Amino acid sequence: MNRIEAELLKYKKTMMSKLILIIPIFFAVFSMVVQIIISENPGIKLDMASKESWKMFLTLSFNFWSFIFIPMISALLAGLVANQEKKVGNYRALCCHEIRPLKIWFYKIIGMVVYMLIATIVFIAVEVVAGSISAVGNILFIKILVAAIACFLVSISILPIQLFFATNFGMIINLAVGFAGMLSGVLMAPEKYWIFNPYSWATRLMCPLIGVHPNGIALNQGDPLLNGDVIGIGIILSVISFSILLFITGKLFEKKEFR
């Protein structure tokens, strides 16, 4: 626990700590503004005084959150972690400590997981506030909570991938991988083979949880994408793949940095 706390403190005053606060706020506020603009368009018939207003708000915000936030914040966090370590010796200083390199990698990833969790908590809070301002009716807190936690759980499998590329190939390649993951994720999410791309898992789970198609359009009742079986499948896949990728990337890191 001391090592994990040390990792979190190391980035406390860096851009990373600011990103996990600013980005969730941006996505929620952006969705709120878009919804207000749409509701004031006379050409769009939408009863903003009904439960449809909350449905529209969650459709906007969670589509952006799963499609853009998950892959890109993972890439940004990984890049910031890798750059920070390069500034302080590129892990070489850790050689003098009696700690296995695999554990160093483990602590890095767990630190990123904690930051993703904090970003998720901030997003939940801002969603409630922004939704209360722009939507009408009872706050759909349970739906927000479940969808946000699901996004978090299926996002952790991406972190080892992004940190591997950030550490070995630099920020540009790392961001390119994140961007490619974002595009491939939204394209594969509505397909039967969505399970083979971890970047598609969050977007796919939002179909039954929020009722939004990966392209951002609300799903009609009876659509096959509303099948809730994918929720458990996605979460189990993420946990298993996270464990496997954590070990594989950790072993590769160990060979490269400490041979």
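Novice: Quick rundown of the overall build of the chain? Include the residues and the values.
Specialist: Check the secondary structure of the chain and you find 9 helices and 0 strands. When the helices and strands of the chain are listed from N to C terminus, the series reads α-α-α-α-α-α-α-α-α. Relative to its 259 residues, the chain shows a buried fraction of 50%. A total of about 12,500 Å² of accessible surface is found on the chain, and carbon and sulfur atoms cover 70% of it.

Novice: Explain helix α8 (residues 201-210) to me, and be specific about the residues and the numbers.
Specialist: Counting buried positions along α8 yields 9 of 10 residues, so the element is predominantly enclosed. Those residues of α8 not exposed but buried are Trp 201, Ala 202, Thr 203, Arg 204, Leu 205, Met 206, Cys 207, Leu 209 and Ile 210. Phi for Gly 211, located one or two positions after α8, is positive at around 85 degrees.

Novice: Break down the nonpolar core for me, citing the residues and quoting the values.
Specialist: With 62 residues, the main nonpolar core has Phe 62, Phe 69 and Met 206 as its most contacted residues. Where this core is concerned, the elements lending two or more residues are α2 (15-39), α3 (52-87), α4 (101-134), α5 (141-155), α6 (158-169), α8 and α9 (229-257). Top contributing element to this core by residue count: α4, with 15 residues. Leave out the neighbours within four places in its chain, and Phe 69 touches Ile 23, Phe 27, Phe 64, Ser 74, Met 116 and Ala 119.

Novice: Residue-level account of α6, with values.
Specialist: Residues three or four positions apart in an α-helix share a direction because the helix packs 3.6 residues into each turn. Here α6 is 12 residues long and its end C-alpha atoms lie 16 Å apart, about the 16 Å a rise of 1.5 Å per residue gives. Listing the buried residues of α6 in full gives Ile 158, Leu 159, Pro 160, Ile 161, Gln 162, Leu 163, Ala 166 and Thr 167. Following α6 by one or two positions, Gly 170 adopts a phi angle in the positive range, close to 95 degrees.

Novice: Lay out the packing of α4 against α5 with the relevant residues and their values.
Specialist: Where α4 contacts α5, the axes come no closer than 10 Å and their chain directions differ by 160 degrees. In terms of orientation, α4 and α5 fall into the roughly antiparallel class. Helix-helix and strand crossings are classified by hand; for α4 and α5 the assignment is right-handed. Contacts between α4 and α5 involve Val 113, Met 116, Leu 117, Thr 120, Phe 123, Ile 124, Glu 127 and Val 128 from the first element and Phe 141, Ile 144, Leu 145, Ala 148, Ile 149, Phe 152 and Ser 155 from the second. Per-class residue counts for the contact of α4 with α5 are 12 nonpolar, 2 polar and 1 charged.

Novice: Explain the environment of Val 212 to me, and be specific about the residues and the numbers.
Specialist: As for its placement among the helices and strands, Val 212 is situated in the loop between α8 and α9. C-alpha separation for the pair Val 212 and Thr 59, spaced 153 residues apart in sequence, amounts to 5.7 Å. If we skip the residues at most four places from it in the chain, Val 212 touches Thr 59, Asn 63, Met 206, Cys 207, Ile 217, Ala 218 and Leu 219.

Novice: Summarise a nonpolar patch on the surface; cite the residues concerned and give the values.
Specialist: A grouping of Ile 236, Ile 240, Ile 244, Phe 247, Ile 248 and Leu 252 is seen on the molecular surface, where their side chains present a nonpolar patch of about 570 Å² in accessible area. With respect to the helices, strands and loops of the structure, Ile 244 is situated in helix α9. With a relative accessible area of 46%, Ile 244 lands in the partly exposed category.

Novice: So what's going on with the pattern of salt bridges? Residues and values would help.
Specialist: For the structure shown, the criterion picks out 1 salt bridge. A salt bridge links Glu 254 to Lys 251; its shortest N-O distance comes to 3.3 Å. Taken together, the residues span about one helical turn, with Glu 254 and Lys 251 both in helix α9 at a distance of 3 residues. Accessibility expressed as a relative area gives 15% for Glu 254, which makes it buried. Note on Lys 251: relative accessible area 26%, which makes it partly exposed.

Novice: I'd like a description of the packing of α3 against α4, backed by residues and values.
Specialist: Where α3 contacts α4, the two axes come as close as 10 Å, and the packing angle between them is 150 degrees. Considering the angle they form, α3 stands roughly antiparallel to α4. The handedness of the crossing between α3 and α4 comes out as right-handed.

Novice: Before we move on, can you summarise the packing of aromatic side chains with the specific residues and values?
Specialist: As enumerated under the stated definition, the model contains 10 aromatic pairs in all. Their ring planes at 85 degrees and their centres at 5.5 Å tell us that Phe 164 and Phe 165 sit as a pair that is edge-to-face. Using a relative accessible area of 25% as the deciding quantity, one classes Phe 165 as partly exposed. Judged by centre distance (5.6 Å) and plane angle (35 degrees), the rings of Phe 165 and Phe 169 are tilted. Here the residue Phe 165 and the residue Phe 169 both occupy positions in helix α6, the gap between them amounting to 4 residues, near one helical turn. Here Phe 169 falls in the partly exposed class, since its relative accessible area comes to 48%. One aromatic cluster is present, built from ring pairs that chain together Phe 62, Trp 65, Phe 69 and Phe 123.

Cut-offs and rules
Residues numbered from 1 in each chain as written. Predicted model: local features only at pLDDT ≥ 70, side-chain atom pairs only at ≥ 80, totals over all residues. Heavy atoms only, no water. Helix = DSSP H or I, 4+ residues; strand = E, 2+ residues; numbered from the N terminus. Buried < 20%, exposed > 50% of the residue type's maximum accessible area, 1.4 Å probe, protein only. Areas by Shrake-Rupley, 256 points an atom, 1.4 Å probe, with all protein chains shown as cover. Core = buried A, V, L, I, M, F, W, Y, C linked by side-chain atoms within 4.5 Å. Contact = heavy atoms within 4.5 Å. Expected span 1.5 Å × (residues − 1). Axes fitted to C-alpha atoms, helices over the stretch in contact; angles between N-to-C directions. Parallel < 35°, antiparallel > 145°, perpendicular 65-115°, else oblique. Left-handed = near helix turned anticlockwise from the far one by under 90°. Nonpolar A, V, L, I, M, F, W, Y, C, P; charged D, E, K, R; others polar. Patch = residues over 30% accessible without salt bridge, like charges linked within 9 Å, V, L, I, M, F, W, Y side chains within 5 Å. Salt bridge = Lys/Arg side-chain N within 4 Å of Asp/Glu carboxyl O. Phe/Tyr/Trp six-rings, centres within 6.5 Å; stacked < 30°, edge-to-face > 60°.

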